[in-house]
Structures are given as structure tokens and as C-alpha cells.
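Report on the structure
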Amino acid sequence: MSVASANDIAVSSEWKAISEVTVDKPGIRNPINEPNKIFKYVDISSVDNKEKKIVKAKELLGSEAPSRARKVIRAGDVIVSTTRPNLNAVAVVSQVLDNEICSTGYCVLRPTEQILTDYLFYFVQSYRFVSLVSGEVSGAMYPATTDAKIRAVKIPVPPIQEQQCIVDILKRADGIRRLRKQAQDTARQLIPALFIDMFGDPLTNPKGWPEKSMGDLVSLHGGGTPSKKNPEYWGGVIPWVSPKDMKHDCISDSIDHVTPKALEETTLKWIPAESVLIVVRGMILMHTVPIRVNSSNITINQDMKALVPNEKLSANFLRWALQSMHSHVLSQVSTSAHGTRKLDTNRLLALSIPLPPLSMQEEFEIRLDSIQSILDQQNAAKNSAESSFQSLLYRAFNGLLFDEVRAI
């Protein structure tokens, strides 16, 4: 990296409020005053929290613009969500959205000549910024912070040359992090591709396997929640799996745990290892039906069911058959009287499942283990890259990276 020598760089960084290094009033525009004009509109759902970018600006007619579509955005602006839980929804406005509008749910930060767009963009991703802003949130029904509070946060402002050095370092780490994630996402496609290659689409069954209704192949087990008022039921070593635990490829543990006493005195039952766990109630069913296999004996809560396969069916085969039919399974979701989404288990058990020979299902499991090993390696690499990036963010905006930059 080619930068000026340490003698040419200031020896200290001044801390300034964001308001001191950004334009005071980025601008307001009322689309209703231009009823026939089509605007590109960035609302709260337009920013991908994880990717930190605008992924789907909406097009709307000025006459149909919602009251919150008011803030002018320009290329190079940094937008920061002011509403919880999206305080880390931040993005840089691209050229294609220059002079368009965004929701009043964003604080628009337009850098002056004192600060680089990318430097400011990385700062609002940092733990320092997010924690400070989170502490300023108020409101019971719609918790949020304000533009004034965001703009009052102080940021270290070294000379532009130093800012560029820091941005270069963070961009390299960010690039590695993104490449690791892409590699992991690509590896994840290997399992569904392997399933389709070996068995075909389970909905159309092009290979002509014998079919059985799932109800003939599994036994259904429910879950429950021991009384929270009885402390003797909680804090043990027995995993109590709920939908929030269904993020790992294989379930072996959980966030919450119960005691043997809970199993003895309540309706809670053991779920044997090698069962297929499925979420059957909750708002996540609006868009996803989480399906996993547990590798150890567990218990589950009432928002889940466990499908215990009989001797003709492998748990991982069933899991990936259902995963391959995800859109169809999702279509079985309905809405309860209270507005909660639910998956009718009778309809689920009525689904037809192709039944290839058990020897083929076992071969699939062997090949699955090999792919899982690759996934584990990719996941470790992704986590390492993420950790390195977050560490650099922390160091960059807590004054720890400046001395290193100045020494280059």
C-alpha cells in the first residue's frame, strides 16, 4: 500500500460530532407535489442488514408516495436506520439513486470535504457507533432514535490521507469476509444439488420411486414449555430446543436448558436423536419453514414438532426431501385466529414422499458427511474472516489503528 511517510501525517486525530463533518440539512422533498413523476424510494426494507447495501429501491408515483417518503438522497450519502431493530441497517447511496428519496426512518449523512464516504460508512458499522446509538433509543411501541442523536455521536477525524489508509485496510478485510461468505453459500448448494441428482425432485418423482404418505413413515412428537414460575425446571443440562435454535445445520444443543425434574413432572418428553425437527408455529413461517435434524437427545417447545422416521427412512433423507419441497411445504402454512402463522401437521403428514432403497439413502448420508466437512471448513474460514474484520473495525474507531497507519 503506497501512503505518505509518518512525518507527513498528523500525529493526532480530532474527535468531532458527525454533525460537524456532514451537511447540516441534506434536504426534504414532497413527492406529492410532483404527482405524475416516478420516484425511486428507499424504505426500511430496502437495505440488507447483513450486506450493508440497498438491494431493492421501490418505484412509486408521486401521488401515491407515503408520508414517510420525504428525505432527499444523493450519490455518496450514508444512510442509517433510526428504528430498532434495524439500527445496523446502513448503506451508501449509489449513483443510480442520486436525487431520489428515502424514508424518514433513515438519518441521511452527507459527508463534507473533511471526511470520506467510505470512512464514515465503516464507522457507522462499528460496535462503538451501534452501541452508542442503541443507548439513545426510546419509545415503547416504536422504539427509535433521532437524527439529532445520531449526528451528535463523535467520530475520530484524522487527515484525509490517513482516512484513506484506514479505508484501504478495512476494504481488504471486508473483501476477504465477503469472499468467504460467497464460498460458503456456494458450498451450501452442494447438498440440495446432490439430493436432486440422486433422487430427483420429490414433488414430481421423475425416477419413479415408490411413494408413501409421510404419516406412514414417521411418528409425530410434540413439545411444551415447563412452567417458568418453577425454577427447579430450568437451568439444567437437557437441551430445550425452540425456533431460535434452528439456525445450525445440525441441532445438538440449545440456548435454554431444562432439568430432569421438568421431564418427570410435566408433559415434556425426550425427542430421540436422528429425528427431523420442524417449526410449526410462529411468524417466521411467513417466509421460511425451518427444518433440521438433531444429533443428540433433546426436548422441544410447543412451537415445534419432531418427525421420528421408521426403519424404512433415514432422517437426513427426509430432511432434505422436505427441504427440496420447501415451497410446497410453505404453501401449507395458514394463519391462526390470533394472526400467528401455523403449519397444519395433518396436511404435512399427508404429503407423499418418494421412498428409494434404504441403501441409497445411506449412501446419500455418507456423501452428505463429506460435504458437511467442507461446509464446516468454509464456516470456520468465514467466522475467522468476520472476526478479523470486526477486530479491525474496533481498532480503527477506538484509536488503535492510527499509530499503525502512521508508521507505514
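Refer to the structure presented above.
What this report covers is the structure whose coordinates are included nearby. (Residues numbered from 1 in each chain as written. Predicted model: local features only at pLDDT ≥ 70, side-chain atom pairs only at ≥ 80, totals over all residues. Heavy atoms only, no water.)

Right, let's get into the pattern of salt bridges. Inspection of every chain in the model, using the stated rule, returns 20 salt bridges. Two residues, Arg177 and Asp174, come together in a salt bridge whose shortest N-O distance is 2.7 Å. Taken as a pair, Arg177 and Asp174 lie in helix α5 (residues 160-188) at a separation of three residues, close to a single helical turn. Neither Arg177 nor Asp174 differs from the other in exposure class; each is buried. Between Lys181 and Asp185 there is a salt bridge, with its nearest N and O atoms 3.0 Å apart. Of the two residues, Lys181 and Asp185 both sit in helix α5, four residues apart, roughly one turn of that helix. Classification of Lys181 as partly exposed rests on a relative accessible area of 32%. Judged by relative accessible area, Asp185 falls into the partly exposed class, the value being 32%. One salt-bridge network, held together by shared partners, links Glu51, Asp174, Arg177, Arg178, Lys181, Asp185 and Glu386. (Salt bridge = Lys/Arg side-chain N within 4 Å of Asp/Glu carboxyl O. Helix = DSSP H or I, 4+ residues; strand = E, 2+ residues; numbered from the N terminus. Buried < 20%, exposed > 50% of the residue type's maximum accessible area, 1.4 Å probe, protein only.)

On to the sheet that holds strand β17 (residues 276-279). One open sheet accounts for five strands, arranged β13-β20-β17-β18-β15; its pairing is mixed. Both edges of this open sheet fall to β13 (218-222) and β15 (250-251), since each of them pairs with a single strand only. In this sheet, strand β20 (residues 304-309) lies alongside β13 in antiparallel orientation, the contact comprising five bridges. Bridging across to β20, Val218 finds its partner in Pro309. The strands touched by helix α8 (residues 315-324) are β13, β17, β18 (291-294) and β20; relative to β18, the strand with the most contacts, the crossing angle is about 170°. (Pairing = 2+ DSSP bridges. Contact = heavy atoms within 4.5 Å. Axes fitted to C-alpha atoms, helices over the stretch in contact; angles between N-to-C directions.)

On to the layout of surface pockets. What the largest pocket holds in volume is close to 840 Å³. As for the largest pocket, its lining consists of 24 residues, and the residues nearest its centre are Arg188, Lys247, His248, Asp249 and Arg292. Of all the elements in the fold, those that place two or more residues in the lining of the largest pocket are α5, α6 (190-199), α8 and α11 (358-396). When the residues that make up the lining of the largest pocket are grouped by side-chain class, the tally is eight nonpolar, seven polar and nine charged. Roughly 570 Å³ of volume is contained in the second largest pocket. The wall of the second largest pocket is formed by 21 residues, among which Lys50, Glu51, Arg177, Lys181 and Glu386 lie closest to the centre. For the lining of the second largest pocket, the elements supplying multiple residues, two or more each, are α3 (127-134), α5 and α11. In the lining of the second largest pocket, the residues fall into four nonpolar, seven polar and ten charged. (1 Å grid on protein atoms, 1.4 Å probe; cavity = no way out; pocket = protein on both sides within 12 Å on 5 of 7 lines; lining within 4 Å. Points joined across faces, edges and corners; volume = space filled by probe spheres on them. Nonpolar A, V, L, I, M, F, W, Y, C, P; charged D, E, K, R; others polar.)

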